[in-house]
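# Structural characterization, general
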Amino acid sequence: MMSPVDTLRAQAKAAKQAARRLAASSTATRNGALEALAAALEKRQGEVLAANRKDLQAAKKGGLDEHIVERLTLNPRRVGEIAKSVRDVALLPDPVGEVIESRLLPSGLRLERRRVPLGVIGVIYESRPNVTVDIAALCLKAGNAVILRGGREAFETNSKLAAITRDAIASAGLPPEAVQFVASTDRALVHAMLQMKDEIDLMFPRGGAELVRMVARE
């Protein structure tokens, strides 16, 4: 049986392979995947809310502050807003291949700098479940694979949202391995992610100052 760290490394390697396919995908394919994701969120809203209720029950049982519980809470309106945000991302200009500098050399050769995908992005974030979809959508738009590690308070909701995302992009012809979710709340896996320099090209912390300092340090 694989250890949690070995499982995470396997996920990262799969994301690396998927990133190559994603980087070569067309604008239309990636936008189609985002539209499929928005539609799936609306269609599978009941699954999302059922998972969210589990997180809310655990939060209340654990005595979390009301403002944290409020941030965790999803309802039909909020799920609809998440779907809308995915469609908004699909409408953004495609950054992949954008020319950001161009000049003609004396030899007559034109030299250009173009935007290209980074590869695999790891993101560590806290309790807002909408962030799972927001991050995945932005990464997919820019042709990047992503590894998501959310906070324990929204674990059930994040897990369901990540599963829906994978299903949706697969239905649109993109590799589902491009979106990976760390299915454990073990903080040791955060440290493990930060050491996977061969598999993860860039790490983003989205949270408090302590989290940001830890990521910068490691």
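Reading the values: the criteria
Along each chain, numbering runs from 1 in the same order as the chain's sequence is written. In keeping with the model being predicted, local features are shown solely for residues with a pLDDT of at least 70 and side-chain atom pairs are shown and tallied solely at 80 or more, while totals for entire chains, interfaces and linings include all residues. As a rule here, side-chain values cover all heavy atoms of the structure and leave hydrogens and water aside. Starting at the N terminus, helices and strands are each numbered in turn, a helix being any DSSP run of H or I of at least four residues and a strand any DSSP run of E of at least two. A helix is expected to reach a length of 1.5 Å times the quantity of its residues less one. When a residue's accessible area, from a 1.4 Å probe over protein chains only, is under 20% of the maximum for its type it is buried; when over 50% it is exposed; and in between it is partly exposed. The arc in question is traced by the directions running from the helix axis to the C-beta atoms. Patches here: salt-bridge-free residues with over 30% relative accessible area, like charges joined within 9 Å, nonpolar side chains (Val, Leu, Ile, Met, Phe, Trp, Tyr) joined within 5 Å. Using a 1.4 Å probe, the Shrake-Rupley method yields the accessible areas, and only the shown protein chains count as cover for residues. In the sections that follow, a salt bridge refers to a side-chain nitrogen of Lys or Arg positioned within 4 Å of a carboxyl oxygen of Asp or Glu. In this scheme, strands are said to pair when DSSP sees at least two bridges between them. Between N-to-C directions, angles span 0 to 180 degrees; the directions come from axes that are lines fitted to C-alpha atoms, helices contributing only their stretch in contact. Any pair of residues with heavy atoms lying within 4.5 Å of one another is described as a contacting pair. Here the nonpolar core consists of buried residues drawn from Ala, Val, Leu, Ile, Met, Phe, Trp, Tyr and Cys, with membership extended through side-chain atoms lying within 4.5 Å. In these notes the angle categories are as follows: under 35 degrees is roughly parallel, over 145 is roughly antiparallel, 65 to 115 is roughly perpendicular, and the rest is oblique. Basically, the charged four are Asp, Glu, Lys and Arg, the nonpolar ten are Ala, Val, Leu, Ile, Met, Phe, Trp, Tyr, Cys and Pro, and anything else, Gly included, counts as polar.

## A look at helix H2 (residues 27–43)
Taking 1.5 Å per residue as the helical rise, H2 with its 17 residues ought to reach 24 Å, and the 24 Å between its terminal C-alpha atoms agrees with that figure. The set of residues buried in H2 consists of Arg30, Ala33, Leu34, Leu37, Ala38, Ala40 and Leu41. Looking straight down H2, one finds its buried side chains confined to an arc of 165 degrees; they lie on one side. Across from the buried face of H2, at angles greater than 90 degrees, the exposed residues are Ala28 and Lys43.

## A closer look at the environment of Gly80
Tracing the sequence through the fold places Gly80 in helix H5 (residues 76–91). On the basis of relative accessibility, which here comes to 30%, the residue Gly80 falls in the partly exposed class. For the pair formed by Gly80 and Asp201, sequence separation is 121 residues and the distance between their alpha carbons is 32 Å.

## Here's the deal with a nonpolar patch on the surface
A contiguous nonpolar surface patch, about 270 Å² in accessible area, is contributed by Leu118, Leu202 and Phe204. One can find Leu118 in the loop between strand E2 (110–114) and strand E3 (120–125). Residue classification places Leu118 among the exposed residues on the basis of a relative accessible area of 52%.

## A short note on the sheet that holds E3
A sheet is described by the order of its strands in space; here four strands give the open sequence E5-E4-E3-E6, paired in parallel fashion. Both outer strands of the open sheet, strand E5 (179–181) and strand E6 (202–206), are each paired with one neighbouring strand and no more. Sheet twist, expressed as the average angle between the axes of neighbouring strands with direction ignored, equals 20 degrees. Contacting E3, strand E4 (145–149) and E5, helix H1 (residues 4–23) runs over the sheet at an angle of about 150 degrees to E4. Strand contacts of helix H7 (residues 155–171): E3 and E5, with the helix running at about 160 degrees to E5, the strand carrying the most contacts.

## Regarding the nonpolar core
One finds Leu8, Leu41, Val86, Ile135 and Ile147 to be the most contacted residues of the largest nonpolar core, which totals 57 residues. The contacts of Leu41, once residues within four sequence positions are left out, are Val79, Ile82, Ala83, Val86, Val133, Leu161 and Ile164. Judged by nonpolar contacts, the second largest core, of six residues, contains Leu56, Val69, Leu72 and Ala154.

## Details of the packing of helix H3 (residues 45–61) against H7
It is at 7 Å that the axes of H3 and H7 come closest, and there the two elements cross at 160 degrees. Comparing their axes, H7 and H3 come out roughly antiparallel. For the pair H3 and H7, contact is made by Glu47, Val48, Ala51, Asn52, Lys54 and Asp55 and by Phe155, Glu156, Thr157, Lys160, Leu161 and Ile164, respectively. Broken down by class, the residue content of the contact of H3 with H7 amounts to five nonpolar, two polar and five charged.

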